[in-house]
Amino acid sequence: MNFSTLDNIKKTKPLVHSLTNYVTSNDCANILYAIGAKPVMADCILDIKEITPKCDALYINLGTLNKDKIKAINKAVKIANKNDIPVCLDPVGIGASSFRLKYANYLLKKNKVSVIKGNATEIKAFYYGKKLGKGVDTHDKTTNENIYLFINLAKDFAKKTSAIIVITGEIDLISDGEKTYLIKNGHKMMESITGSGCMLGALLSAFLGANKRDALSACASGVCAMGLCGEKAFASMKENDGNLSYRNYLIDEVFNLSQSDFTKGAKYEIR
Amino acid sequence: MNFSTLDNIKKTKPLVHSLTNYVTSNDCANILYAIGAKPVMADCILDIKEITPKCDALYINLGTLNKDKIKAINKAVKIANKNDIPVCLDPVGIGASSFRLKYANYLLKKNKVSVIKGNATEIKAFYYGKKLGKGVDTHDKTTNENIYLFINLAKDFAKKTSAIIVITGEIDLISDGEKTYLIKNGHKMMESITGSGCMLGALLSAFLGANKRDALSACASGVCAMGLCGEKAFASMKENDGNLSYRNYLIDEVFNLSQSDFTKGAKYEIR
Amino acid sequence: MNFSTLDNIKKTKPLVHSLTNYVTSNDCANILYAIGAKPVMADCILDIKEITPKCDALYINLGTLNKDKIKAINKAVKIANKNDIPVCLDPVGIGASSFRLKYANYLLKKNKVSVIKGNATEIKAFYYGKKLGKGVDTHDKTTNENIYLFINLAKDFAKKTSAIIVITGEIDLISDGEKTYLIKNGHKMMESITGSGCMLGALLSAFLGANKRDALSACASGVCAMGLCGEKAFASMKENDGNLSYRNYLIDEVFNLSQSDFTKGAKYEIR
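Caption draft 1: Region of interest: the sheet that holds strand E3 (residues 57–61) of chain A. All names here are of chain A. Pairing is mixed in the open sheet, where nine strands are placed in the order E2-E1-E3-E4-E5-E6-E7-E8-E9. Whereas interior strands pair on both sides, the edge strands pair on one side only; in this sheet they are strand E2 (38–40) and strand E9 (268–270). With strand direction ignored, the average angle separating the axes of adjacent strands in the sheet is 20°. As paired elements, strand E5 (residues 115–119) and strand E6 (residues 164–168) share five bridges and run parallel to each other. Its bridge partner lying in E6, Lys117 is registered against Val166. Contacts from helix H2 (residues 25–35) reach strand E1 (15–19) and E2, with the element oriented near 150° to E2. Against the sheet, helix H8 (residues 196–210) makes contact with E1, E3, strand E4 (87–90), E5 and E6, and its axis sits at roughly 160° relative to E3, the strand it touches most.

Caption draft 2: Spotlight on the pattern of salt bridges. Under the counting rule described, the total for this entry stands at 30 salt bridges over all chains. The salt bridge involving B:Arg100 is made with C:Asp47; its shortest N-O contact spans 2.8 Å. Placement of B:Arg100 in helix H5 (residues 98–110) and of C:Asp47 in helix H3 (residues 45–51) is noted, with the two residues assigned to different chains. The same class applies to B:Arg100 and to C:Asp47, which are both buried. Here B:Arg271 makes a salt bridge to B:Glu269, at a shortest N to O gap of 3.1 Å.

Caption draft 3: Representation of the pairing of strand E3 (residues 57–61) of chain C in the model. Residue and element names in this part refer to chain C. Most of E3 sits out of view: five of its five residues are buried. Taken together, the four bridges between strand E1 (residues 15–19) and E3 define a ladder with parallel strand orientation. Residue pairing across strands places His17 opposite Leu58, the latter belonging to E3. Here E3 pairs with strand E4 (residues 87–90) via four bridges, running parallel. Within E4, the position partnered with Ile60 by the bridge is Leu89. Note that the unit made of E3, helix H4 (residues 67–82) and E4 has a crossover that is right-handed.

Caption draft 4: Spotlight on the nonpolar core. Counting 170 residues, the largest nonpolar core has A:Ile35, A:Ile174, B:Ile35, B:Ile174, C:Ile35 and C:Ile174 as the members making the most contacts within it. Sequence-distant contacts of B:Ile35, that is, excluding residues within four places in its chain, are made with B:Leu6, B:Ile9, B:Lys10, B:Leu203, B:Ala206, B:Phe207, B:Val254 and B:Leu257.

Caption draft 5: A look at the interface of chain C and chain B. Taken together, the 30 residues of chain C in the interface contact 32 residues of chain B. Summed over both partners, the interface of chain C with chain B comes to about 2,600 Å²; 50% of that surface belongs to carbon and sulfur atoms. Where chain C meets chain B, there are 16 residue pairs in polar contact (both at pLDDT 80 or more). At the level of elements, helix H2 (25–35), strand E2 (38–40), H3 and helix H10 (243–256) of chain C are the ones that each hand at least two residues to the side of chain C that touches chain B.

Caption draft 6: Layout of unusual backbone geometry. Not every positive phi belongs to a glycine, and A:Lys13 is a case in point at roughly 40°. Looking at where A:Lys13 falls in the secondary structure, it is placed in the loop between helix H1 (4–12) and E1. At B:Asn240, a position not held by glycine, the phi torsion is positive, near 75°. With respect to the secondary-structure elements, B:Asn240 resides in the loop between helix H9 (215–235) and helix H10 (243–256).

Calculation notes
Residues numbered from 1 in each chain as written. Chains lettered and ligands numbered in written order. Predicted model: local features only at pLDDT ≥ 70, side-chain atom pairs only at ≥ 80, totals over all residues. Heavy atoms only, no water. Pairing = 2+ DSSP bridges. Helix = DSSP H or I, 4+ residues; strand = E, 2+ residues; numbered from the N terminus. Axes fitted to C-alpha atoms, helices over the stretch in contact; angles between N-to-C directions. Contact = heavy atoms within 4.5 Å. Salt bridge = Lys/Arg side-chain N within 4 Å of Asp/Glu carboxyl O. Buried < 20%, exposed > 50% of the residue type's maximum accessible area, 1.4 Å probe, protein only. Right-handed = clockwise from strand over helix to strand, strands pointing away. Core = buried A, V, L, I, M, F, W, Y, C linked by side-chain atoms within 4.5 Å. Buried area = accessible area lost by both parts, 1.4 Å probe. Polar contact = N/O pair within 3.5 Å; in protein donor to acceptor, adjacent residues only side chain to side chain.

Set out below in C-alpha cells:
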C-alpha cells in the first residue's frame, strides 16, 4: 500500500468542506486538524458557491439530514463535480430511512461521487436500492466467512457507479471494481463511541483531497490509518478509562500518526 | 432499590431515539454508548415515521427548540404512544421561556409522557403553568429543608399527568405519585459542565427502554447511577484537572459502572 | 493591565447568551462554565424576547450562519442594545463568504456592537468591506514586522464603529481607537483544534458581561487569559497527547486560571 498519502496531507493541508450532522461535527473537525487537514463546515446554501470551489475535498454525511441541508448538498456536489473536487459520500442511516436512501439514490444518479463509504447495512441498502436495517446500526457485518460476498458486491457497485466503495466492519473493504483492499486493522472499542464512522468519512476526504491522482491508495491508507489509531487508542487505555477517554485517545493518535506506524502496523491483503 | 435495571441495559442494548439540542448531543450520544445503549438522533420530520417505531425509548429535550424540531417531536411522541415506547420529556429552559413552556404544556395535554425530568425551576414552572426562573439555570433548589414541599408537588404532578416526576438538585426526587425516592448521590461539579442535565435525560431514557415493566425503579436507579458517576468522576480529578476533564471522567465512569457500585455507593431513602 | 476582571466574573457569574455555530457550541458552553460564567444558547427567534434581556452579555458568532439564525441575531442584538447589554461580534468566515460579510456589514450599520473580534483576514475584510481570504482560515497574520499596520487599521476601525477591535494572531491586538494592547501570550497548538477562536469570543463575552465599565480591560485581560491558558495547556502535554488532549487541557486551564497566573505570565505592551 502507498503510505506516502499521509505525507501528502501534511504537505498540502487540504481544506475539507464538510456537510455533516451536528452530533459529531466537532469530532470531525478535530480529526481533520489531527491528520493535518483543515475543516470548513459552512452548510447554508448561501455559502456554498464561494466555499466549495476553494476546497480540496467535499465530505457529505447524511446524518441528521434535513431539507435545508439537502439544498446545500445538491449545490455543493454540483460545484465539486465541475471543479474536479473529490466527493466522499457517507450515507449514514440509509439502511433505516427511506427518506435518506431516496436522496442518496438521487444524489448518485445526478452527480459523480468519488467514494461511497458505509457499513455493510448501508452499502447493501444503497446497492439493492431498499432498506434492510434497524436503526443507524449495522446488522450485516463483514466477516472472514462472508467477505467474498461483499467483495463481489463492492466490485459490482464500484463498476456501476465509477466510485470507490468502502465497506467498514470487522474487515474493512475498499474496491475500485478492479483492485480490492481488505484491511484488518481497527478495534471493537470504536463501536462504543459516537462518530467513529463520521470521523472516518472526514479522514477519507482529507486523504482524497491530498492524493487526487491515486484515490484508491488514498482510501485504503485512510481506512488503515483510522484502524491503526483505533488499535493504538485502545492500547493507551488505563484503568478507569471509558469510551470518552477512548474517543480522546483516538483523535490524539491520529494527530501523532506517522509513516512508520503504517509500516509496523498495517494489516491488509489485496484481492 | 432494584439495580438489575443496569444489567437489563447491558443485555438488551436499547436504542434511544433522542430529539435533543445540538449543544450537548455529542455528550448524550456518548453517554448512551457508555451505559450500553445506542443513540439515534434523526430529527427531521421525514425520518420520524420509520425511526421512532424501531426504538426502545424516546428522549425529548427542549433545548435549542425550534419550529422544525417541534414538528418532529409531535410526530415522534404520537408514534411512541401508539407503539408503547416510553417517552422521557426534559423540558429544558421552560422556567425562562414562554415559547417552550407553552409547547411543553401542549405536548403533555395531547400525549402520554412516561417521565418528566427537570430541575426545581423547570418542574415548578411546568406544574404551575407559568415561568418563574432566569435563564436555563435553577433558582429554586431542593434542600433538606424544603424537600417535603417538592415531594408534595411531585406527587400531585405525577397523579395529574400519570407520569413519573424527576426533580434534580442537591437532593434528587423521583415520584410516581405513590412512592417517592430521594437520592442523595451526585456532586456539585456536575453544575460546572454543560449537558449534565441532558445526559441524565438520555440515561433515564436508556433505563426506561430496558426496564419497561418497572419505570419507577428504572428512573430511580438511573438518577442514582448518574449521581454515583458524578461522585466517582470527582474522585478521579487530579491536580490541574478542570471541568472538561470532569466531563470526560463522568462519561467514563458511566462506561465502567457496575452493579457493585450501586451496592456500595447508593444513598437514598423512600418516602 | 487590570486583572481584577477575572474576579468580577467569579463574583457575578455573568449569563452569556451565545448565538453561535453548532460545531463548537459545546466547547463554548464548557469554557464559559470554566471561567465562572454561565451559557444560554437558545437560538430560536421565539426565545429571544425573553432570554436576551436577562443576560449579561450577548455573543454573536457567524459560523454556520443561516437565515433562521440571522432572524434570531437581528432581534437579540436589538434587545441587547436597548438594555445596554454588551455585544461581542465574531464574524467567522467573512473573509471567505460574501453572504456573511454582507450580513456583518448590515449588523454593524443597524446596531451598536461593543467588540468585534476576528483574525487578521476577517478584520481586514470587515474593514475594507470585501473578502480577501480562502476558507475560514487566515492568510494575513499579525507579526512583529507588520503589527504597526494592523494597529493603524484597528484604531481607525474602532473609531469608525465605536467598538473595541480585537485582532487575533501571533500577536493579539486590542484597541478602542485610543489605547492599544498588544498581547504576546498564546501557543501555536491553538491552531490545531477547532473552536479556539469561538471559545475566545465566548470568553470575551463573559469578561465584558462582568466588567461593563471597563470594556477595554475586559477584552485585553480576556485575550491574555486565553493566551495564557493556551501556553499552560501546551505545557501540560505528555507523550502521546494530541490535539484533543490539548483542547481538554485548554478548557481545564481556564477553569483553574487565577489572578496570580496573570501576574506571572502576562506578556503585553501598550501602544
